[in-house]
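# Inside the fold
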Amino acid sequence: MDIIVSYAIALVILFVLIKVFSLPFKILWNGIIGGLTLWVVNLIGALFGVHIEITVITALIAGFFGVPGVLVLVVWQVLK
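This is a predicted model, so every value here is computed, not measured. Residues take numbers from 1 onward in each chain, read along the sequence in its written order. Only residues with pLDDT of at least 70 get local features here, since the model is predicted, and only at 80 or more are side-chain atom pairs given and counted; chain-wide, interface and lining totals rely on the full set of residues. Heavy atoms from the whole structure form the basis of all side-chain values; hydrogens and water molecules are not counted.

## Some remarks on the environment of alanine 62
What counts here: Strands here mean DSSP runs of E at least two residues long; helices mean DSSP runs of H or I at least four residues long; both are numbered from the N terminus. For this analysis, residues touch if any pair of their heavy atoms sits within 4.5 Å.
As for its placement among the helices and strands, alanine 62 is situated in helix α2 (residues 56-65). Between the alpha carbons of alanine 62 and asparagine 30 there is a distance of 8.0 Å; along the sequence they are 32 residues apart. Discounting chain neighbours no more than four positions away, the residues touching alanine 62 are Gly34, Leu38, Val70 and Leu73.

Now the structure itself:
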């Protein structure tokens, strides 16, 4: 019985460690995808005079919130 409890505790610890160490990579990946999305929006927006500066903050907003985040950034830029 002690072996089963030990394995269960080890699996829980392993799961927590994987979650903790994967978070920075997920944030980085979302930032990269957000930056690429903003780059595409800037290519299309050049036809309409819309340009969103690609910074760490805007890339993370676009990466974290996806399409709604990009739309908010576009509206923010147009109303600015």
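And the narrative resumes.
## Considerations on the UniProt feature "transmembrane region" (unreviewed entry) in the protein
To keep it simple, the criterion reads: UniProt positions are given in the numbering used here, feature names are shortened, and annotations may be inferred rather than shown by experiment.
Cross-referencing UniProt, the feature "transmembrane region" (unreviewed entry) maps to residues 6-25, 32-50 and 56-79 in the present numbering. Between the first and last C-alpha atoms of residues 6-25 the distance is 29 Å; the span itself is 100% helix and 0% strand. Span residues 32-50 is 74% helix and 0% strand, its end C-alpha atoms 21 Å apart.

## Some remarks on the nonpolar core
Stated formally: The criterion is simple. A nonpolar core is a set of buried Ala, Val, Leu, Ile, Met, Phe, Trp, Tyr and Cys residues joined through side-chain atoms within 4.5 Å. The classification of residues rests on relative accessible area computed with a 1.4 Å probe and restricted to protein chains. Under 20% of the type maximum is buried, over 50% is exposed, and intermediate values are partly exposed.
Listed in full, the 6 residues of the largest apolar core are Leu38, Val41, Ile52, Ala62, Val70 and Leu73. Mapped by element, the contributors of at least two residues to this core are α1 (2-45) and α3 (67-79). Beyond its immediate sequence surroundings of up to four residues, valine 41 is in contact with Ile52, Val70 and Val74.

## Examining the confidence of the model for the protein
Quick note on the threshold: The predictor attaches a confidence to each residue, called pLDDT, with possible values from 0 through 100.
When pLDDT is averaged across the protein, the result is 88; 100% of the residues are at 70 or more. Within the protein, the lowest mean pLDDT, 86, falls on α2, and the highest, 89, falls on α3.

## Description of α1
Rule in force here: Here a helix's expected span is defined as the number of its residues, less one, multiplied by 1.5 Å. Here the bend at each residue means the angle between axes fitted to two seven-residue stretches, the one ending at that residue and the one beginning there.
Counted at 1.5 Å a residue, the expected span for α1 with its 44 residues is 64 Å, and the 63 Å between its end C-alpha atoms agrees. Residue serine 22 marks the point of greatest curvature in α1, where the axis turns by about 30°; the proline proline 24 follows within four residues. For α1, the set of buried residues is Asn30, Gly31, Gly34, Gly35, Leu38, Val41, Asn42 and Gly45. Packing partners of the buried residues in α1 comprise α2 and α3.

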